[in-house]
There are 2 protein chains.
Amino acid sequence: MAEPATATQAAAPAVALLKDELDIVIPTIRNLDFLEMWRPFFQPYHLIIVQDGDPSKTIKVPEGFDYELYNRNDINRILGPKASCISFKDSACRCFGYMVSKKKYIFTIDDDCFVAKDPSGKAINALEQHIKNLLSPSTPFFFNTLYDPFREGADFVRGYPFSLREGVPTAASHGLWLNIPDYDAPTQLVKPLEKNTRYVDAVLTIPKGTLFPMCGMNLAFNRELIGPAMYFGLMGDGQPIGRYDDMWAGWCTKVICDHLGLGVKTGLPYIFHSKASNPFVNLRKEYKGIYWQEEIIPFFQQAVLPKDCTTVPKCYIELAKQVKEKLSKVDPYFDKLADAMVTWIEAWDELNPIGPVPNGKAA
Amino acid sequence: MAEPATATQAAAPAVALLKDELDIVIPTIRNLDFLEMWRPFFQPYHLIIVQDGDPSKTIKVPEGFDYELYNRNDINRILGPKASCISFKDSACRCFGYMVSKKKYIFTIDDDCFVAKDPSGKAINALEQHIKNLLSPSTPFFFNTLYDPFREGADFVRGYPFSLREGVPTAASHGLWLNIPDYDAPTQLVKPLEKNTRYVDAVLTIPKGTLFPMCGMNLAFNRELIGPAMYFGLMGDGQPIGRYDDMWAGWCTKVICDHLGLGVKTGLPYIFHSKASNPFVNLRKEYKGIYWQEEIIPFFQQAVLPKDCTTVPKCYIELAKQVKEKLSKVDPYFDKLADAMVTWIEAWDELNPIGPVPNGKAA
């Protein structure tokens, strides 16, 4: 587990599950090995690459991949003034890919994440595991001590209420990382050599009412169920904070999933996180977040959405309102962020118009 | 993982952690191999055996173990009329052992639980892992995606609030089972051949506000912190229900831990559960519990303890009051159970008198 799989090991038969229903969203590709390593698993899917930096630089995508690529100029052209809600020079720009996708499912991954091996040495098809997680229900209302009851060889244990065994639809699947763990800058500085070598063979539902730190490195979600909540905020160029894009999306997503009765899973699949980012740079990006989160997290823990918030966009607009009311006093940044949250939903609605459909349900 | 360790494999050097601070409580020993198998790990500790059936039968404890044994006659003699709160002809009687212990920690295990092997084939010292779990803090207020941050090679991940990293004291450690999983009778009937072969190398805190099905097969707890909540109810002889003794204790314990700011962990260690109990007998014992739990669990999920409940006995008496008020309408059994909960606390107080100590804190 201390080494990534080689491309040959990774070349196990790809399971083309949901081939026409899933987009892979990648925020820039700096590493030429990245797509080669993932080729056996990713090639059947459509890629959406959102270039985070200088639009004049070109990203070389190897032959054989089906992809679309967006740079800053494209984002500005497509969204017009609403492009202000998409971060620049930061991987948070990836959420633009969620917005332009027309698929039901999204898998997003960073370009320093390679194929990991399971304890038997087999290359892990991360995408396949995410799909399994997303297609099986979640169980947020009661904890199952044998973890995901829907995995092979597992079930609900004695004492699990039968009325809750149907579970709820799974909105998001949060995967983990072998090798370099996702630590904050202070922990990176204190433990520069720590590697994650523990392969925990589990998937579990994060219980209702519990928040978690959602990492965007290796994440899949059901775009139809939760897409508009997956906004990665204002980070990078011109912003006072970085590395909280996925955290922000995670807090909003979890609060909305809890309100709407949707599930969030964490655990498998692992990817191999190849290198730690620079802890000094990270500290500069993070330090405001590190103290802001002491107020943000209680805010999200206490956030209550009214009953008439029955859709994700409605919930998200309501959250934006509450952010403005309650977090602006922490820093004027949150006032700007609250506005950007509204702009994000407006842009989402523009690119994803909801029309009436024959059976009366929104498409 | 499909076979238990042999006694020789189990004979790894025993870690005599907390030797003078922990009692092992066992509800009857029918299986002569049981103590031999565990000898390398258990021999340094004191055993409390609570015989669940006919007092005229004698339990043979092999040479070399330090133990005390209680049968029904002993329980009646020690508790007098209050013995009514201790179940007869049911392993729920084990909680009498918690009451008579004078130690800080308790480990309780069933006699059909053997030493399991980890994936490398090494015999698992379950007690040592429980002690590690109990001696390190819990993190009930926010979920850590790399599981127990206090294990070697792990830490808090990016986005985990620093103010919550100290954690809270751990009150209970719930271990799991390889081979025969702890299923209810309907699941046993439907999946008679299912074995648990998945070794999940994780310990995690069950988040605040989340209930779980606590199994008494392989359980450790800090008696000083939570002992009086570990009442295993009225089961077995003369009672309309069985196999809910540990569940009842788990619901009460978790609600009280959440109220008092204590933690409950689940996961490692595994024991090897050797044989499934008879599903037809189990169904007879369980069937009332299976429908009652549909009302009991919402009751516990909604239970609120007043602020002046600052000790476990106070919390427990308050819970007993709420059980009487709200569950008696489900069945008259809960009226009787609520009374027994009060009797249990009275008996506990009698055997564990609290005297004033110099620094003004209760001993």
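Cut-off values and rules
- Residue numbers run consecutively from 1 along every chain, following the written order of its sequence.
- Here every chain gets a letter starting at A, and every ligand a number starting at 1, in the order they are written.
- Under the rules for a predicted model, residues below a pLDDT of 70 receive no local features and side-chain atom pairs below 80 are neither given nor counted, while totals for whole chains, interfaces and linings still include all residues.
- Water and hydrogen atoms play no part in the side-chain values, which are based on all heavy atoms of the structure.
- Labels follow the DSSP assignment, with helices taken as runs of H or I lasting at least four residues and strands as runs of E lasting at least two, numbered in each case from the N terminus.
- Radius of gyration here is computed from C-alpha atoms only, and the compact-globule reference equals 2.2 Å multiplied by the residue count raised to the power 0.38.
- Remark: exposure states derive from per-residue accessible area (1.4 Å probe, protein chains only) relative to the maximum for the residue type, with buried under 20%, exposed over 50%, and partly exposed in between.
- Per-residue accessibility takes into account occlusion by the displayed protein chains alone, with areas from the Shrake-Rupley method and a 1.4 Å probe.
- His is not counted, nor are the chain ends; Lys and Arg add positive charge and Asp and Glu add negative charge.
- By convention, the point assigned to a charge is CZ for Arg, NZ for Lys, CD for Glu and CG for Asp.
- Least-squares fitting of one copy onto the other uses the C-alpha atoms of those residues that reach a pLDDT of at least 70 in both copies.
- By definition in these notes, contact holds between two residues if any of their heavy atoms fall within 4.5 Å.
- Patch members must show over 30% relative accessible area and no salt bridge, and they are joined within 9 Å when carrying like charges or within 5 Å when they are nonpolar side chains of Val, Leu, Ile, Met, Phe, Trp or Tyr.
- By definition, a salt bridge exists where a carboxyl oxygen of Asp or Glu is found within 4 Å of a side-chain nitrogen of Lys or Arg.
- When DSSP finds at least two bridges between two strands, those strands are taken to pair.
- Disulfide assignment relies on a single distance test, namely cysteine sulfur atoms paired within 2.5 Å.
- Only the stretch in contact is used when a helix axis is fitted, and all axes are lines through C-alpha atoms; the angle between N-to-C directions ranges over 0 to 180 degrees.
- Here is the rule for angles: anything less than 35 degrees is roughly parallel, anything more than 145 is roughly antiparallel, 65 through 115 is roughly perpendicular, and the remaining ranges are oblique.
- Crossing handedness is read from the near helix: turned anticlockwise from the far helix by less than a right angle, it gives a left-handed crossing, and turned clockwise, a right-handed one.
- Here the nonpolar group is Ala, Val, Leu, Ile, Met, Phe, Trp, Tyr, Cys and Pro; Asp, Glu, Lys and Arg are the charged ones; every other residue, Gly included, is treated as polar.
- Pairs of N or O atoms are called polar contacts if they sit within 3.5 Å, as long as, within protein, a hydrogen donor faces a hydrogen acceptor (for residues adjacent in sequence, only side-chain-to-side-chain pairs).
- Throughout, buried area stands for the accessible area (probe radius 1.4 Å) lost by two parts on being put together, summed over both.
- What pLDDT conveys is the predictor's confidence in a given residue, as a value from 0 to 100.
- Residues belong to a common nonpolar core when they are buried Ala, Val, Leu, Ile, Met, Phe, Trp, Tyr or Cys residues joined through side-chain atoms within 4.5 Å.
- The rule is simple: put a 1 Å grid over the protein atoms alone, call a set of points where a 1.4 Å probe fits but cannot get out a cavity, call an open set with protein on both sides within 12 Å along at least five of seven lines a pocket, and count a residue as lining if it has an atom within 4 Å of a point.
- Grid points are joined across faces, edges and corners, and a volume is the space filled by probe spheres set on the points.
- UniProt positions are given in the numbering used here, feature names are shortened, and annotations may be inferred rather than shown by experiment.
- In a helix, the anticipated span is given by 1.5 Å times the number of residues less one.

1. Let's talk about the overall build of chain A
Thought 1: Helix and strand content of chain A: eleven helices and nine strands.
Thought 2: For 363 residues, the compact-globule estimate of 2.2 N^0.38 gives 21 Å, and chain A sits close to it at 20 Å.
Thought 3: Oriented by its inertia axes, the alpha-carbon framework of chain A measures out at about 55 × 50 × 50 Å.
Thought 4: Counting only residues that meet the buried cut, chain A has 61% of its 363 residues in that class.
Thought 5: Total accessible area computed for chain A in this model is approximately 13,900 Å², and 55% of it derives from carbon and sulfur atoms.
Thought 6: Each charge class in chain A was averaged separately, 39 positive and 43 negative side chains, and the resulting centres sit 2 Å apart.

2. Considering the relation of the copies chain A and chain B
Thought 1: Mapping chain A onto chain B calls for a screw motion: a turn of 180° about the axis and a shift of 0.0 Å along it, with 0.0 Å RMSD after fitting. Both copies of the chain, as the preceding transformation shows, are related through a two-fold rotation axis. Taking C-alpha positions as reference, the residue of chain A nearest the rotation axis is Val200(A), located at 2.7 Å.
Thought 2: Taken together, the interface assignments show that 100% of the residues at the interface of chain A recur at the interface of chain B, consistent with an identical surface on both copies.

3. Focus on a nonpolar patch on the surface
All names here are of chain A.
Thought 1: On the surface, a nonpolar cluster with roughly 640 Å² of combined accessible area is contributed by Leu189, Val190, Phe280, Leu283, Tyr287 and Tyr291.
Thought 2: Of all the elements in the fold, those that place two or more residues in the nonpolar patch are helix H6 (185-190) and helix H9 (279-302).
Thought 3: With four residues, H9 is the single largest residue contributor to the nonpolar patch.
Thought 4: As for its placement among the helices and strands, leucine 283 is situated in helix H9.
Thought 5: For leucine 283, a relative accessible area of 33% puts it in the partly exposed group.

4. Some points on the pairing of strand S9 (residues 263-273) of chain A
Residue and element names in this part refer to chain A.
Thought 1: Counting buried positions along S9 gives eleven out of eleven residues, so the element sits mostly inside the fold.
Thought 2: As paired elements, strand S5 (residues 113-114) and S9 share two bridges and run antiparallel to each other. Bridged to phenylalanine 114 within S9 is phenylalanine 272.
Thought 3: Pairing analysis gives three bridges linking strand S7 (residues 203-205) to S9, with the strands arranged antiparallel. Its bridge partner lying in S9, threonine 205 is registered against lysine 265.

5. Structural notes on helix H5 (residues 126-135) of chain A
Because each turn of an α-helix spans 3.6 residues, side chains separated by three or four positions end up pointing in the same direction.
Thought 1: The buried fraction of H5(A) is high, at seven of ten residues.
Thought 2: Every buried residue of H5(A) is listed here: Ala126(A), Leu127(A), Gln129(A), His130(A), Ile131(A), Asn133(A) and Leu134(A).

6. Focus: the state of the cysteines
Each disulfide consists of one covalent bond between the sulfur atoms belonging to two cysteines.
Thought 1: Enumeration over the complete set of coordinates arrives at zero disulfides over all chains.
Thought 2: For Cys93(A), which is in no disulfide, the shortest distance to another cysteine sulfur is to Cys95(A) and amounts to 7.7 Å.

7. A look at the packing of helix H8 (residues 245-260) of chain A against helix H10 (residues 312-327) of chain A
All names here are of chain A.
Thought 1: Two elements in contact, H8 and H10, have axes separated by 11 Å at closest approach and are oriented at 125°. Here H10 runs oblique to H8, going by the angle between their axes. Judged by the twist between their axes, the crossing of H8 over H10 is right-handed. Of the residues in H10, those touching H8 at Trp248, Cys252, Val255, Ile256, His259 and Leu260 are Val312, Cys315, Tyr316, Leu319, Val323 and Leu327.
Thought 2: Partitioning the contact of H8 with H10 into residue classes produces eleven nonpolar, one polar and no charged.

8. Here we look at the side chain of Asp111(A)
Residues and elements named next belong to chain A.
Thought 1: As for its placement among the helices and strands, aspartate 111 is situated in the loop between strand S4 (105-109) and S5.
Thought 2: In this structure the side chain of aspartate 111 is engaged in a polar contact, spanning 2.5 Å, whose partner is the backbone nitrogen of arginine 30.
Thought 3: Setting aside chain neighbours within four positions, we find aspartate 111 in contact with Thr28, Ile29, Arg30, Asn31 and Phe34.

9. Here's the deal with the interface of chain A and chain B
Thought 1: The interface is formed by 59 residues belonging to chain A together with 59 residues belonging to chain B.
Thought 2: Summed over both sides, the interface of chain A with chain B buries roughly 5,000 Å², with 56% coming from carbon and sulfur.
Thought 3: Considering only the surface of chain A that becomes buried against chain B, Phe143(A), Arg158(A) and Arg198(A) emerge as the three largest contributors, covering 17% of it.
Thought 4: Across the pair Asp182(A) and Arg158(B) runs a salt bridge, and its minimum N-O distance is 2.8 Å.

10. Description of the confidence of the model for chain A
Thought 1: Model confidence for chain A is summarised by a mean pLDDT of 93, while 93% of its residues fall at 70 or above.
Thought 2: Counting interchain partners and residues more than four positions distant, the pLDDT-below-50 stretch residues 10-15 of chain A has 14 contacts.

11. Some points on the pattern of salt bridges
Thought 1: Scanning the entire structure with this criterion turns up 42 salt bridges over all chains.
Thought 2: Through salt bridges that share partners, Arg30(A), Asp52(A) and Asp111(A) make up one connected network.

12. What about the nonpolar core?
Thought 1: If you look at the biggest cluster of nonpolar residues, it comprises 249 residues, and the most contacted ones within it are Phe42(A), Trp248(A), Phe42(B) and Trp248(B).
Thought 2: In terms of residues, this core owes the most to one element, helix H11 (residues 332-351) of chain A, which gives eleven residues.
Thought 3: Dropping the residues within four chain positions of it, Phe42(B) is found in contact with Ile24(B), Phe34(B), Leu35(B), Leu47(B), Phe65(B), Phe107(B), Ile109(B) and Leu127(B).

13. Focus on empty space enclosed by the protein
Thought 1: A full pass over the atoms with the stated rule returns six cavities of 30 Å³ or more.
Thought 2: Lining the largest cavity are 13 residues, with Leu146(A), Tyr147(A), Asn196(B), Arg198(B) and Val200(B) positioned closest to its centre.
Thought 3: Grouping the constituent residues of the lining of the largest cavity by class yields seven nonpolar, two polar and four charged.
Thought 4: The calculated volume of the second largest cavity comes to roughly 70 Å³.
Thought 5: Along its surface, the second largest cavity is lined by 13 residues, and Thr139(B), Phe142(B), Phe143(B), Asn144(B) and Thr205(B) are the ones closest to its centre.
Thought 6: Residues belonging to the lining of the second largest cavity are distributed by class as follows: eight nonpolar, four polar and one charged.

14. Considerations on the UniProt feature "site: Required for activity" (unreviewed entry) in chain A
Thought 1: The sites that carry the UniProt feature "site: Required for activity" (unreviewed entry) are, in the present numbering, Arg158(A) and Arg165(A).
Thought 2: Among the secondary structure elements, Arg158(A) is positioned in the loop between H5 and strand S6 (170-179).
Thought 3: Residues in contact with Arg158(A), not counting those within four places in the same chain, are Asp182(B), Tyr183(B), Asp184(B), Pro213(B), Cys215(B), Arg243(B), Asp246(B), Met247(B) and Glu286(B).
Thought 4: Position of Arg165(A) relative to the elements: it lies in the loop between H5 and S6.
Thought 5: Within polar-contact distance, the side chain of Arg165(A) engages the side chain of Asp184(B) at 2.7 Å.

15. Some remarks on helix H8 (residues 245-260) of chain B
Residues and elements named next belong to chain B.
Thought 1: The end-to-end C-alpha distance of H8 is 22 Å, a good match for the 22 Å that 16 residues give at a rise of 1.5 Å each.
Thought 2: In terms of burial, H8 is largely enclosed, as 14 of its 16 residues are buried.
Thought 3: At the exit of H8 stands glycine 261, carrying a positive phi of roughly 75°.

16. Describing the UniProt feature "glycosylation site" (unreviewed entry) in chain A
Thought 1: In the UniProt entry, the feature "glycosylation site" (unreviewed entry) is given for Arg158(A).
Thought 2: From its side chain, Arg158(A) meets the backbone oxygen of Arg243(B) in a polar contact 2.8 Å long.

17. Structural notes on unusual backbone geometry
Trans peptide bonds make up the majority, and among non-glycine residues the majority have a negative phi.
Residues and elements named next belong to chain A.
Thought 1: For the peptide bond that leads from leucine 268 to proline 269, omega is 5°, which places it in the cis range.
Thought 2: Position of proline 269 among the secondary structure elements: in strand S9.
Thought 3: Notably, threonine 28 is not glycine yet its phi reads approximately 70°, a positive angle.
Thought 4: Note that threonine 28 resides in the loop between strand S1 (22-26) and helix H2 (32-42).
Thought 5: Threonine 28 gets classed as buried once you look at its relative accessible area, which sits at 6%.
Thought 6: In this structure, lysine 89 is a non-glycine residue whose phi angle is positive, near 55°.
Thought 7: Mapped onto the elements, lysine 89 comes out in the loop between helix H3 (72-79) and helix H4 (95-100).

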